[in-house]
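Descriptive analysis of the structure
Listed below, chain by chain, are the residues.
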Amino acid sequence: MSGNASRLSAINAISNGTSKQTDMPDSLSSIWASDVFNLATMEEALSKNAFKAMKKTVQTGSPLDPATADVVAAAMKDWAMSKGAKFFSHIFYPMTNATAEKHDGFIVTNADGNAITEFTGSLLIKGEPDGSSFPNGSLRMTNAARGYTAWDPTSPAYIMNTANGATLMIPSVFMSWTGEALDKKIPLLRSNAAMDKAAKKVLALMGETEIATLNSSCGAEQEYFLVDENFANSRPDLLLAGRTLFGAAPAKGQQFDDHYFGAIPERVQVFMQDFEDQLFKLGIPAKTHHNEVAPGQFEIAPYFEAANVAADHQQLLMTVMKNTAKKHGFLALLHEKPFAGVNGSGKHVNWSVGNSTQGNLLDPGNTPEENLEFLLFCGAVIRGVHMFGPLLRAVIASASNDHRLGANEAPPAILSVYLGDQLEKVFKDIQDGNLQPTECGGVMDLGLSQILTFTRDPGDRNRTSPFAFTGNRFEFRAVGSSQSVSGPLVAMNTMLADSLDWIATKLEAALSSGADKTNAVIAVLKELMDEHGNVIFGGDGYSEEWHKMAVEERGLKNIPTTADALPALQEESVIKLFESTGVLTPVELESRYEVYSEQYILSIEVEAKLVIDMATTSIYPAAAAYLSELTSTIATAAEVGVTLDNSLAKKVASAADDMMKDVDKLSGAIAEHGFPTVEDHMKFCAGEIRSLMDSIRENADLLETLVADTAWPFPKYSEMLFIK
């Protein structure tokens, strides 16, 4: 089927389609975590001693003895088989932003040749996939391929149901035979341990005697687009690159602000309900969904969970989203900028730290100055962002997120901290030695008797800040929608651990010199603000004034592209940070630089090849055919004495010619090799290749507005963005 025929067929299929209806469960309680081997399920399935040991491991990270693992494995197998599972898989999280899994059967044969089922503690604890065929940054060679998965008992196993059956999924870490971390889970677990250790030092100095294990928590707001699969199947760029490499702006986009929080289209609502039912069965606490700013864009936000579990659930959520969308005739797009000219998608990571004894240590209580512990932990975050802003930018760097960062809907590529008016004043007063009581936000009274009054928050929100305090947590808003949250969580936990260690050293010295607790805290925070207060900014992060002030006056870095960002992973301060906290060895950190650099280069090159292919085999032929039709019509009219305007033909000819000249240049550019360094290659991709792609797109999009609609080969923005 030709490109245009495929597009017209897609429009016809959508126009005559209906919403897919699904069976609704009787209640949330009837499906909640029904496919999860969690503590509640374990309590019924395990002996008292085995359950007690598992509970301690889950809640505190205590080691589990092999004998208990055997008991757990037997119970887990029986539970999984009662759910229809015949296979199990250690699911792990390599450095791809995706999941990986190898399925093994419970089946074994005995001496009589009969099939029996078996699942021992050793099978539960360890698996062995190929370690060389995943991104490893030269940690493993092809001839040294052994890699291990190991069960993470702190993240619950679950059943994944597909049309082909049920599989027991066991969240696991992934390491090389020589012990290096090849995944995103090991660094996350290590970073949480480092943060826990440092936080306990500070809390002990503050006089706390009972301190439970501390954990970071995460709630990730996931934005995404839905496109009808009939359109998506006619767009090779959407299928292979996740974004439209071509597409002229429609007459109506998001300029009326009518999609944001608008009524959810019926077809999307049915998908969302089905999607969330699948999440509820897996124990993923999906709490909020709504229309986002751009047409065709939506958001789902889960409730807060422990960071390790939240990271696993976030990966699972993306998988379930894509599978459920397909069932409803959609393609779910997680690319940060699938459509030019409308809002892109992020994954705002809401992050806090706390435990069962001290609670949320980023919750200020009624007034911030009443809570010295809060001020110390908040100050530690400020110091961390100031010292390791480039690291935070590096861990959210990707070819896709580069399209979004710094654009109108996303935080700029300058890392700053927003505190809100009240909290910013507290820290400024500490710095100035003039700490004064502050007011709460006041009462919101609209003067309408039917509207109840309520207390206003002490500060407004700042949507232009990449790292904002939002009342009892920080929101890292620059994370990309397609990315794993593990990388950002590792960076935040580790920088916090480093800052808390610094605070503990300073606080201990102040207390040893005879200062009382309050004055010691104030003295430490004053020193912290003197050195790191420049990172606090409450104004418009999009303004040119801020960009100039941040760089020239405050010494902050503007890091616009991944090519600029990833070298931060090789800075001595970052190497020392990860090594001193035990989160990543220098070798493991270097491997990540190699992996992410290669992924960036490959992503740009794949897109460039698609641009060449689509321009050469579809767009140019459509333009040429239309030009032939125009010139033929003009010539025929001239034969009968009628002079037709030929300006349209000239525009089509000029745009097509200019486009193909740039296609030739791009073909030559992607063939270049032999760059002195990986960094040079990345900069060439960010500069030369991306520039040529943009130039080709400019002419191709112009052609879309000139060539007859019936001749255009690809579905247009006006067709794809507005779901029917």
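Residues numbered from 1 in each chain as written. Predicted model: local features only at pLDDT ≥ 70, side-chain atom pairs only at ≥ 80, totals over all residues. Heavy atoms only, no water.

Details of the overall build of the protein chain
Note the cut-off: Helix numbering and strand numbering both begin at the N terminus, where a helix is a DSSP run of H or I of at least 4 residues and a strand a DSSP run of E of at least 2. We call a residue buried when its accessible area falls under 20% of the maximum for its residue type, exposed when it is over 50%, and partly exposed in between, using a 1.4 Å probe and counting protein chains only. Contacts are assigned to residue pairs with any non-hydrogen atoms lying within 4.5 Å of each other. Each accessible area value is a Shrake-Rupley result obtained with a 1.4 Å probe; residue values ignore everything except the protein chains displayed when judging cover.
On a plain count of helices and strands, the protein chain comes out with 22 helices and 21 strands. Taken over 724 residues, the protein chain has a buried fraction of 53%. Sequence-distant contacts, at least 24 apart, represent 75% of the contacts inside the protein chain between residues at least 6 apart. For the protein chain, the accessible surface area stands at approximately 31,100 Å², while carbon and sulfur atoms represent 51% of it.

Structural notes on the confidence of the model for the protein chain
The line we're drawing: A residue's pLDDT is the confidence the predictor assigns to it, expressed on a 0 to 100 scale.
Mean pLDDT over the protein chain works out to 89, with 88% of the residues at or above the 70 mark. Across the protein chain, element-level confidence peaks in helix 18 (residues 572–581) with a mean pLDDT of 98 and bottoms out in strand 18 (residues 443–444) with 42. With pLDDT under 50 throughout, residues 443–454 is counted as low confidence; its partners more than four residues away or in other chains account for 10 contacts.

A closer look at the nonpolar core
This is how the line gets drawn: To form a nonpolar core, buried Ala, Val, Leu, Ile, Met, Phe, Trp, Tyr and Cys residues must be joined to one another through side-chain atoms within 4.5 Å.
Membership of the largest hydrophobic core comes to 129 residues, with the highest contact counts inside it found for Leu419, Phe467, Phe474, Phe476, Leu666, Ile689 and Leu703. Tallying contributions element by element places helix 19 (residues 586–639) first for this core, with 15 residues. If near-sequence neighbours (up to four positions away) are discounted, Phe474 is found in contact with Val349, Asn350, Trp351, Leu362, Cys378, Val381, Val417, Leu419, Phe467, Ala468 and Phe469.

Focus on a nonpolar patch on the surface
In plain terms, the rule: Grouping into patches uses exposed residues only, defined as over 30% relative accessible area, and leaves out salt-bridged ones; the cut-off is 9 Å for like charges and 5 Å for nonpolar side chains (Val, Leu, Ile, Met, Phe, Trp, Tyr). Should a side-chain nitrogen of Lys or Arg be within 4 Å of a carboxyl oxygen of Asp or Glu, the pair is scored as a salt bridge.
Taken together, Val640, Val642 and Leu644 make up a surface patch of nonpolar side chains, about 250 Å² in accessible area. Residue placement: Val640 occurs in the loop between helix 19 and helix 20 (647–670).

Some words on the pairing of strand 7 (residues 147–151)
What counts, and what does not: Pairing between strands requires that DSSP locate at least two bridges from one strand to the other.
Summarising burial for strand 7: five of the five residues are buried, a large majority. Residues of strand 7 alternate between two faces, with Gly147, Thr149 and Trp151 on one and Tyr148 and Ala150 on the opposite face, all of them buried. Here two bridges tie strand 6 (residues 126–127) to strand 7, and the two strands are oriented antiparallel to one another. Each residue of the ladder has a partner; that of Gly127, found in strand 7, is Thr149. Note that strand 7 and strand 9 (residues 165–176) share five bridges and pair antiparallel. Its bridge partner being in strand 9, Gly147 is matched across the sheet by Ser176.

Some thoughts on the pattern of salt bridges
Enumeration according to the criterion identifies 23 salt bridges in this entry. As a salt-bridge pair, Arg383 and Asp498 come within 2.9 Å of each other at their nearest N and O atoms. Remark: Asp498 occurs in helix 14 (residues 486–512) and Arg383 occurs in helix 12 (residues 372–394); sequence separation between them is 115 residues. Each member of the pair Arg383 and Asp498 is classed as buried. The network of salt bridges with shared partners includes Asp152, Lys185 and Asp312.

Comments concerning helix 7 (residues 185–205)
Heads up, the rule is: For a helix, the expected span equals 1.5 Å multiplied by the number of residues minus one.
Over its 21 residues, helix 7 extends 31 Å from the first C-alpha to the last, a length consistent with the 30 Å expected when each residue adds 1.5 Å. Among the residues trailing helix 7, Gly207 stands out with phi positive, at a value near 95°.

Side note on unusual backbone geometry
With a phi angle near 55°, Ala33 is a residue other than glycine that sits in the positive phi range. With respect to the helices, strands and loops of the structure, Ala33 is situated in the loop between helix 2 (28–31) and strand 1 (36–37). With phi around 70°, Asn97 is a residue other than glycine that occupies positive phi space. With a relative accessible area of 26%, Asn97 lands in the partly exposed category.

A short note on the side chain of Glu607
Structurally, the position occupied by Glu607 is in helix 19. Under the relative-accessibility criterion, Glu607 is labelled buried at 7%. When residues no more than four places from it in sequence are discounted, the contact partners of Glu607 are Ala241, Arg243, Leu245, His335, His403 and Met693.

Focus: the packing of aromatic side chains
Short version of the rule: Any pair of Phe, Tyr and Trp rings, taking the six-membered ring for Trp, is counted once the centres come within 6.5 Å. Such a pair is stacked with planes under 30 degrees apart, edge-to-face with planes over 60 apart, and tilted for the rest.
Under the definition given, this model contains 19 aromatic pairs. In textbook terms, an aromatic cluster arises when at least three aromatic residues are bridged by ring pairs, as seen for Trp351, Phe374, Phe467, Phe469, Phe474 and Phe476.

A short note on helix 19
In plain terms, the rule: Note on bend: the value at a residue is the angle between axes fitted to the seven residues ending there and to the seven starting there.
Its 54 residues place the ends of helix 19 77 Å apart at the C-alpha level, agreeing with the 80 Å of an ideal helix rising 1.5 Å per residue. The largest bend in helix 19 is about 40°, located at Ala615. Positive phi appears at Gly641, one or two residues downstream of helix 19, with a value of about 85°.

Here's the deal with the pairing of strand 9
Residues in a regular strand project their side chains so that they alternate between the two faces of the sheet. Across the 12 residues that make up strand 9, a large majority, 10, are buried. Pairing of strand 2 (residues 85–91) with strand 9 involves six bridges; the strand directions are parallel. The partner of Ala85 across the bridge, within strand 9, is Ala166. Two elements, strand 8 (residues 157–162) and strand 9, share five bridges in a ladder whose sense is antiparallel. By the bridge assignment for strand 9, Ile159 is matched with Leu168. Where strand 8 folds back onto strand 9 in an antiparallel hairpin, the turn is made up of two residues.

A short note on the packing of helix 10 (residues 266–281) against helix 11 (residues 307–327)
How we decide: Note on geometry: axes are lines fitted to C-alpha atoms, helical ones only across the stretch in contact, with angles between N-to-C directions running from 0 to 180 degrees. To sort the angles, those under 35 degrees are grouped as roughly parallel, those over 145 as roughly antiparallel, those from 65 to 115 as roughly perpendicular, and the leftovers as oblique. Left-handed describes a crossing in which the near helix is turned anticlockwise from the far one by less than a right angle; the clockwise case is right-handed.
Two elements in contact, helix 10 and helix 11, have axes whose closest approach is 10 Å; the angle formed by their N-to-C orientations is 140°. With respect to their mutual orientation, helix 10 and helix 11 come out oblique. Crossing geometry of helix 10 relative to helix 11 is assigned as right-handed. Touching Phe271, Asp274, Phe275, Gln278 and Leu279 of helix 10 are Leu317, Val320, Met321, Thr324, Ala325 and Lys327, all from helix 11.

Some points on the packing of helix 7 against helix 11
The line we're drawing: Asp, Glu, Lys and Arg are counted as charged, while Ala, Val, Leu, Ile, Met, Phe, Trp, Tyr, Cys and Pro are counted as nonpolar; the rest, among them Gly, fall into the polar class.
The N-to-C vectors of helix 7 and helix 11 enclose an angle of 155°; their axes lie 10 Å apart at closest approach. Considering the angle they form, helix 7 stands roughly antiparallel to helix 11. Seen from above, helix 7 lies across helix 11 with right-handed handedness. Contacts between helix 7 and helix 11 involve Lys185, Leu188 and Leu189 on the former and, on the latter, Ala307, Asn308, Ala311 and Asp312. Tallied by class, residues from the contact of helix 7 with helix 11 come to four nonpolar, one polar and two charged.

With respect to the side chain of Asn350
Short version of the rule: Definition of a polar contact: a pair of N or O atoms within 3.5 Å, with one able to donate and the other able to accept a hydrogen when the atoms are protein atoms, and with sequence-neighbouring residues admitted only if both atoms are side-chain atoms.
Here Asn350 shows up in strand 15 (residues 347–355). Relative accessible area serves as the criterion here: at 4%, Asn350 is assigned to the buried category. At 3.0 Å, the side chain of Asn350 and the side chain of Glu221 are in polar contact. Discounting residues that sit within four places of it in the chain, Asn350 has contacts with Ser217, Cys218, Gly219, Glu221, Phe304, Thr470, Arg473, Phe474 and Glu475.

So, the environment of Ala310
Mapped onto the fold, Ala310 is located in helix 11. Along the sequence, Ala310 and Cys218 sit 92 residues apart, while their C-alpha atoms lie 6.0 Å from each other. Once you skip the residues sitting within four places of it in the chain, Ala310 turns out to touch Cys218 and Glu305.

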